[in-house]
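# Chains, contacts and geometry: an overview
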Amino acid sequence: MDLNQKLIDKRETSKLGGGLKRIEAQHSKGKLTARERIELLLDEDSFNEMGMFVEHRATKFGLDKQTYPGDGVVTGFGTIHGRLVYVFSQDFTVLGGSLSETHAEKICKIMDLAMKNQAPVIGLNDSGGARIQEGVVSLAGYADIFYRNTKASGFIPQLSVIMGPCAGGAVYSPALTDFIFMVEDTSYMFVTGPNVVKTVTHEEVTSEDLGGAKTHAEKSGVNHFTSPNDVTVLKEVRDLMSYLPQNCQSLAPHTTKFEFDKTKIDRIGQILPANSTLPYDIREVIDCVIDDNSFREVHKDFATNIVVGFARVEGRTIGVVANQPMSMAGVLDIDSSRKGARFVRFCDAFNIPLLTFEDVPGFLPGTDQEWNGIIVHGAKLLYAFSEATVPRITIITRKAYGGAFDVMNSKNIGADLNFAWPTAEIAVMGAKGAAEIIFKREISDATDPEAKWKEKETEYANMFANPYRAAERGIIDDVILPSETRNKVIAAFKMLESKREEIPPKKHGNIPM
Ligand code: HXC
């Protein structure tokens, strides 16, 4: 037989994975195959496969009669927008995409190359977890991957796309990466599935409720991006990649093609309601400052009282962190602090400048928050901003009260430039509460305590419900008109382009976990 033909035939066999019947089953669930997904993810004809003929070495439980070239995962490298990326795509048609010793070796091989060549890794996950028939060697394989995920963390971007039922070890590698994308209705993530849950805790729960895209987007915050199907999710991964650098030593790509609708310069001044206790959508403010249509919100449905995401200003990537007055008045609580902290740390690790919009009435009080550790979780956001050495700008649009003022990228925790709008209120607490505490005796001794309270509230508000006390002390650098915001932000980031700030030499910090 012609040796070249033999190779071509072997390739065709490998490409069939678990066979036509299983490919049909995969398609009938609305899912693409591992290879079809790679085709959509990467630039056309850019994929170079590695390890196509790798087979497992297991013999127990009939596995000696069940070998599939490639062993349930397609691995290799290619490009997205012309830039190098490494990719692995698990093949559910081969033993449910389960992870064997050799399957793990293939993933580790591309991760090692990604580290040496300092380029991102994207994992397309569709796996039933450790290959049960192989026992401990598949567990060890997972550990090999987790170890590499951790070493690569903060060094190269790592993205995980969940495109099927991912159970057991299959969820922990994604959890160690930077961003998780999930597909509605076809992807699940859980440590153990509904059957085990029922046996152990007697809870009856569907896969969707336990670990579907919506659950992880809204309740747990495990899922950063939700898409309706395989095609859309892969487009969104490509889009996100256009905002990210290749590694921690490089900058995100700079595009000179950007647009800015100049009517937004006037519109921005009309967003805040006249009554400062009423809500507004901070995303409208963000939109009026950044390049048109450039905001990519991360964690959109989780902890909606804070908004985080990537954007561009004159074609350069920035990270935006903003209190959202429309949700719980923009208060900081456990989940919003965790969400903000994680995003700030990603941006700092990958040289992405930070723009913060602040309108925060304080930390959320109460037993629920205290007993669940708001002190430690709030400290995460404080720590993340404090340690960030990327260019950092803050715009105080309205409320900046109490500890939350300090936490939200304040000047004294290292922000480079802090601006306030004329509507800013910068104080230890709201005027009503402040008057009640510091004028307690005067109010109770007054013939009309209610009127006295009102008078003292006004006195405190006149003193602090404005940006000027902070401006007098240099705690903010300038008071600006809303319409000046974009130009101020552009000038500030330009000024900070050559910023270099060293952190004291140490092994690593000890972020409050
Ligand atoms: C070997 C597996 C497998 C696994 C699925 N398959 N999971 N084979 N090891 N872990 C095989 C099935 O036997 C089946 O083979 C094929 O894949 C498709 O599986 P189905 O069950 O028919 O598909 P579906 O109904 O869609 O259910 C998918 C699933 C379910 C939800 C993933 O298969 C499942 O619950 N699997 C086990 C999940 C699990 O508990 N994993 C934990 C492993 S322990 P045939 O030949 O019939 O087509 C672990 C610990 C690591 O991961 C810890 C690290 C911290």
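The text that follows walks through the structure, step by step, so that each part is easy to find. Values in this document were obtained by computation on a predicted structure and should not be read as measured data. (Residues numbered from 1 in each chain as written. Predicted model: local features only at pLDDT ≥ 70, side-chain atom pairs only at ≥ 80, totals over all residues. Heavy atoms only, no water.)

## Focus on the pattern of salt bridges
- Applying the stated criterion to the full structure yields 33 salt bridges.
- Here Asp43 and Arg238 are joined by a salt bridge, their closest N and O atoms 3.1 Å apart. Of this pair, Asp43 sits in the loop between helix 3 (34-41) and strand 1 (48-50) while Arg238 sits in helix 10 (residues 230-241), and the two are 195 residues apart along the sequence. Like Arg238, Asp43 is buried.
- Residue Glu105 pairs with Arg57 through a salt bridge whose shortest N-O separation is 2.6 Å. Residue Glu105 is found in helix 4 (residues 101-117), and its partner Arg57 is found in the loop between strand 1 and strand 2 (73-80); the two are separated by 48 residues along the sequence.
- By relative accessible area, which is 38% here, Glu105 ends up partly exposed.
- Each of Lys31, Arg37, Asp126 and Asp230 takes part in a single network of salt bridges with overlapping partners. (Salt bridge = Lys/Arg side-chain N within 4 Å of Asp/Glu carboxyl O. Helix = DSSP H or I, 4+ residues; strand = E, 2+ residues; numbered from the N terminus. Buried < 20%, exposed > 50% of the residue type's maximum accessible area, 1.4 Å probe, protein only.)

## Things to note about helix 15 (residues 374-387)
- For helix 15, spanning 14 residues, the distance from its first C-alpha to its last is 20 Å, which sits close to the expected 20 Å at 1.5 Å a residue.
- As for helix 15, its buried residues are in contact with strand 12 (316-323), helix 13 (334-349), strand 13 (354-360), helix 14 (367-371), strand 14 (392-401) and helix 16 (402-407). (Expected span 1.5 Å × (residues − 1). Contact = heavy atoms within 4.5 Å.)

## So, the pairing of strand 4 (residues 121-125)
- In terms of burial, strand 4 is a largely internal element, five of the five residues being buried.
- Side chains Val121, Gly123 and Asn125 of strand 4 all project onto a buried face; the interleaved residues Ile122 and Leu124 project onto the opposite face, where all are buried too.
- One ladder, built from four bridges, connects strand 3 (residues 83-90) with strand 4; its direction is parallel. Counterpart to Tyr86 in the pairing with strand 4 is Val121.
- Read from strand 3 through helix 4 to strand 4, the crossover connection turns out right-handed.
- Sheet topology note: the strand 4/strand 5 (residues 158-162) ladder contains five bridges and is parallel. The partner of Gly123 across the bridge, within strand 5, is Ser160.
- The handedness of the strand 4 to strand 5 crossover, carried by helix 5 (residues 136-152), is right-handed. (Pairing = 2+ DSSP bridges. Right-handed = clockwise from strand over helix to strand, strands pointing away.)

## Some words on the environment of Ser89
- Position of Ser89 among the secondary structure elements: in strand 3.
- Sequence separation between Ser89 and Met163 is 74 residues, and the spatial gap between their C-alpha atoms is 9.6 Å.
- Reaching out from Ser89, the side chain makes a polar contact with the backbone oxygen of Ala34 at a distance of 3.0 Å. (Polar contact = N/O pair within 3.5 Å; in protein donor to acceptor, adjacent residues only side chain to side chain.)

## Considerations on the sheet that holds strand 5
- Here we have seven strands laid out as an open sheet, ordered 1-2-3-4-5-7-9, and mixed in their pairing. With partners counted over all chains shown, the strands left at the sheet margins are strand 1 and strand 9 (225-227), one partner each. When strand polarity is set aside, the average angle formed by the axes of neighbouring strands in this sheet is 20°. (Axes fitted to C-alpha atoms, helices over the stretch in contact; angles between N-to-C directions.)

## Overview of the nonpolar core
- Residues Ile122 and Phe310 are the most contacted members of the largest nonpolar core, which totals 48 residues.
- Grouped together as the second largest cluster of nonpolar side chains are 30 residues, Cys288, Phe357, Phe419 and Ala492 included. (Core = buried A, V, L, I, M, F, W, Y, C linked by side-chain atoms within 4.5 Å.)

## Some remarks on the site of the ligand
- Neighbouring residues of the ligand: 17 residues in total, closest Arg22, Gly96, Gly128, Ala130 and Gly169.
- Residue Ala130 places a main-chain N or O atom 2.9 Å away from a nitrogen atom belonging to the ligand.
- Computed on the free molecule, the ligand has an accessible area of 1,000 Å², of which 55% lies beneath the protein chains in the complex.
- Sorting the residues of the shell around the ligand by element identifies helix 5 and strand 6 (165-167) as the ones contributing at least two each.
- Looking at the shell around the ligand residue by residue, the class counts come to eight nonpolar, seven polar and two charged. (Near = heavy atom within 4 Å. Areas by Shrake-Rupley, 256 points an atom, 1.4 Å probe, with all protein chains shown as cover. Nonpolar A, V, L, I, M, F, W, Y, C, P; charged D, E, K, R; others polar.)

## Some remarks on helix 17 (residues 431-438)
- Those residues of helix 17 that fall on the buried side of the exposure criterion are Ala431, Ala434 and Ala435. For helix 17, the arc enclosing every buried residue in end-on projection is 100°, short of the 170-degree limit, so these residues lie on one face.
- Those residues of helix 17 hidden inside the fold are in contact with helix 18 (440-445) and helix 19 (449-464). (Arc of directions from axis to C-beta.)

## Thoughts on the side chain of Arg37
- With respect to the helices and strands, Arg37 occurs in helix 3.
- One polar contact links Arg37 to Asp230, side chain to side chain, over a distance of 3.0 Å.
- Arg37 has contacts with Gln26, Lys31, Leu32, Ser89, Gln90, Leu124, Asp126, Met163, Asp230 and Leu234, leaving out every residue within four places of it along the chain.

These values are about where atoms sit, not about what they do.
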